[in-house]
Structure formats: C-alpha cells, structure tokens
Amino acid sequence: MKVRFIKIVLAVSLIFLSSCKEYFVTTKINSDGTVERNIAYKTDDNDTKSFPETFLADKSWTSSRQKDTADKKIIINLSSKFNSYEDAVKELGKQREGFDKIIDIKIDKSFRFFFTYYTYKETYRPFNKFNKTPIEKYFTPSEIEKLKAGTDSAWVKNKLDAYTNYNMADMFLDTVSELLLSEHKINLGDILSADKRKEMLIELVKIEKDDEQNKKAKEILGRYFEKQTAGWIEGYINNNEPFQKLLESSSRYDGTYENGVIMPGIITYSNSKSIEGNKVAWKFDQEKFKFFELEMQAESREVNLWVIIASGILVLILAGLLILPRLRKAGSV
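Scoring rules and cut-offs
Residues numbered from 1 in each chain as written. Predicted model: local features only at pLDDT ≥ 70, side-chain atom pairs only at ≥ 80, totals over all residues. Heavy atoms only, no water. pLDDT = per-residue confidence, 0-100. Contact = heavy atoms within 4.5 Å. Pairing = 2+ DSSP bridges. Helix = DSSP H or I, 4+ residues; strand = E, 2+ residues; numbered from the N terminus. Axes fitted to C-alpha atoms, helices over the stretch in contact; angles between N-to-C directions. Buried < 20%, exposed > 50% of the residue type's maximum accessible area, 1.4 Å probe, protein only. Phe/Tyr/Trp six-rings, centres within 6.5 Å; stacked < 30°, edge-to-face > 60°. Lys NZ or Arg CZ within 6 Å of the ring centre and 35° of its normal. Expected span 1.5 Å × (residues − 1). Arc of directions from axis to C-beta. Polar contact = N/O pair within 3.5 Å; in protein donor to acceptor, adjacent residues only side chain to side chain.

A.B. asks: Help me understand the confidence of the model for the protein, please; the structure alone is not making it clear to me.
C.D. replies: A low pLDDT means the predicted coordinates there should not be read in detail. Considering every residue of the protein, the mean pLDDT works out to 81; 82% of them sit at 70 or more. Here residues 1-18 scores under 50 on pLDDT; set against residues more than four positions off or in separate chains, the count is 57 contacts.

Rendered as structure tokens:
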C-alpha cells in the first residue's frame, strides 16, 4: 500500500491550513456617533476575489485594488462609514452566508458629567472545524492555561499541532466510515473498537517527521486493517469529498491579523499591548483564535467642555446670587 495518510492528514506542517492572507483592520469610533471601518486585505496575486473571506464587506463598501510589486501580492482596500454605533454593531457582526459567525462587536457611549466614556469590545470566537475531541478533554487544565498564555513557543505550537492532527485523523476516519458503509457495506466500528481507534490515532500522531514516516504509518495501519480495507482507505485519502470540504472550510479564516481601533479622547484602558495616543492595536495569526476566544477591549474618555463651561457659569450665577444681597445690604448702611 502506498501510504500517504501521515502526509495528508497528520503532517505537522498542516499544509492544508497554511495561509498567505494578511488582514489589516482599522475601526475609528467618532464622538458624533459615527463609525468608520477600513479593511486592507493582502493576498496572492492570483486571488480574484473582490472581498475578503473572514469579514462581511458587501458591494455597499467602497473598494479599490492595487498591486504590491515587492512581494507579488494584491491589496484590496475596503471602507465603509456607519451613521450610528447601532448600525455599525449590526452590520459588522454579520457573517457571510455559509461561514460560521465568529465576530461579535460592541460599541458604547456613556455620559458621566464632566466626561464622556467610550467602550469598544470585539470578540473573535474559536472557528476550528477539527474539534471532535474538545480541547478541554485533550489537555489538562494546567496545559490549557499555558496554551492561553501564548502561541509563540515551540512547546505550544507542537501541542496544538498534535491536537489538530489527532482531530483531523479522527474526523478523517469518520468520513471513511461513512464511505465504507455506503459503498462496501462495511461497518468500521465492527473492525475497530473505540479503544483501538484511539490507540491507533495516538500512534499515528506520535510518528516523527522523517524519511521513514510513510513506512511507519504503513506498519501501524497494517496492524489495524486487513489488506483490502486498507486499499479502500488509501483510495479515500485521494478521493474524499466530505473531508476535503472540512479542510476547505477550516482554512477560510486563516491568515495574519492586525486589528486597530481609534478612540475619541484619551485611552483609559485596553487589553492591547500596543497603545499609541488614542489608537490601540492587536496583532495575531489564526492560531490565536482557532482554539480559544480572543477578546479585544478598549475604553477612552473625552472631556465635556460644554459641561465645564456651563458649570462655571452656574457657579458664577450662584455666587452672584449669594453675594449680591450682601452688597445691597452693605450699600444701604
């Protein structure tokens, strides 16, 4: 059997999920209640789409295209202005048909006498399609805390790759099971018990990437399947429409992201590490929110000059009302 199982399903490099897309999003919250949103979508030169996949930006948005000759990519710029915070929240929270809803956005304005406070929160929900085994059942609580702390270390990357590979293999076997049953009347559950299935998946995931990986995978699979069934499984590796759709769906949101927000007044709080004046920004790739919810928050305040002026005038009036009777009394003596 010419095994490509480990190459296609379990490759640590996850070539099916690799990305060359870059998103640069800027949201400007204005004190007059309007909101401006700009999306710069940088992608391959041969990408002919008019709008990015991750965000819903329909033809009501202003758009332009330009070529980045430096790295042979194209940049699609999209912009829109919303007349109110409510309109912005409603439209920006929408998702393209056929895509999972991953974006939730909230914009608020509150008056507190001398100041007006503005709050912004945008949440990206996990979108990982390969999640048959929930992440909290695969990792220990302490490991999950480490994973949430960051995705830059080799340990974190290897752990998440192993988790994704395990789920990819498990869900691949689900599609194989359906195909074997419909085309060959073979119930995979009769061949492979739940315990044996898990045992085999763990063995496959642990295979090291080297010149012998296909041979090792063949040896492992040979212990669990008889020759004819193994041959059918090999065929499904190359011709498996349900699994291919899963791969395509999971790659829809891949890429690198830079999300910037410009707030009125001065920033009083943000969970961003990048704050410049009244602008905050978050930079991350899809690994940051493939597995865990990513929440971006910012708060700013603006001085209400008219309240200060009105308060000053009121103080003068009250002072006058208090002093004037004394002046009159003093003048009549």
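A.B. asks: Sorry if this is basic, but what is going on with the sheet that holds strand S4 (residues 73-82) here?
C.D. replies: Pairing between sheet strands relies on hydrogen bonds along the backbone, with the strands arranged either parallel or antiparallel. The strand order S3-S4-S2-S1-S7-S10-S9 describes an open sheet built from seven strands, whose pairing is mixed. The open sheet terminates on both sides in strands that have one partner only, identified here as strand S3 (62-68) and strand S9 (274-276). Going across the sheet, the axis of each strand differs from the next one's by a mean of 15°, ignoring polarity. Strand direction decides the pairing type here: strand S2 (residues 35-44) and S4, joined by ten bridges, are antiparallel. The residue of S4 that forms the bridge with Asp-44 is Lys-73. Those strands touched by helix H2 (residues 85-92) are strand S1 (22-29), S2 and S4, and its axis lies near 140° from that of S4.

A.B. asks: I would appreciate a short explanation of the environment of Asn-165 in the present structure.
C.D. replies: Relative to the helices and strands, Asn-165 is located in helix H5 (residues 154-184). On the basis of relative accessibility, which here comes to 2%, the residue Asn-165 falls in the buried class.

A.B. asks: Honestly, the sheet that holds strand S5 (residues 103-112) in this entry has me stumped. Any pointers?
C.D. replies: Read across the open sheet, the four strands follow the order S5-S6-S11-S8; overall the sheet is antiparallel. Two strands in the sheet have a free side with no partner beyond their single neighbour: S5 and strand S8 (266-270). Each strand axis lies, on average, 20° off the axis of its neighbour in the sheet, ignoring direction. Two elements, S8 and strand S11 (residues 294-303), share four bridges in a ladder whose sense is antiparallel. Opposite Ser-270, over in S11, you have Ala-298 as the bridge partner. The sheet strands contacting H2 are S5 and strand S6 (115-124), and the helix crosses S5 at an angle near 165°.

A.B. asks: Help me out: how do you make sense of the packing of aromatic side chains in this one?
C.D. replies: In this description, an aromatic ring pair is defined by two values, namely the gap between the centres and the angle between the planes. Inspection of the entire model under this criterion finds 15 aromatic pairs. Geometrically, the ring pair formed by Tyr-138 and Phe-139 is edge-to-face, given 4.9 Å between the ring centres and 75° between the ring planes. Assessed through its relative accessible area of 30%, Tyr-138 is described here as partly exposed. With a centroid separation of 5.7 Å and 55° between ring planes, the pair formed by Tyr-138 and Tyr-166 is classed as tilted. Taken together, the residues span a long stretch of sequence, with Tyr-138 in helix H3 (residues 135-138) and Tyr-166 in helix H5 at a distance of 28 residues. Looking at Tyr-166, the relative accessible area reads 8%, which means it is buried. Ring pairs connect the aromatic residues Tyr-23, Tyr-41, Tyr-124, Tyr-257 and Phe-284, which therefore count as one cluster. The ring of Trp-155 carries the charged tip of Lys-146 above its face, separated from the ring centre by 5.5 Å. Arg-301 extends its terminal NZ or CZ atom over the ring of Phe-115, reaching a point 4.4 Å from the ring centre.

A.B. asks: What exactly am I supposed to notice about helix H9 (residues 227-238) here?
C.D. replies: Three- or four-residue spacings in an α-helix give side chains the same orientation, since the helix completes a turn every 3.6 residues. The end-to-end C-alpha distance of H9, which contains twelve residues, comes to 17 Å, matching closely the 16 Å that a straight helix rising 1.5 Å per residue would cover. Thr-229, Ala-230, Ile-233, Tyr-236 and Ile-237 are the residues of H9 that are buried. The buried residues of H9 occupy one face: seen down the axis, they fall within an arc of 115°. Between a side-chain oxygen at the N-terminus of H9 and the backbone nitrogen of Gln-228 the separation is 3.0 Å; the capping residue is Glu-226.

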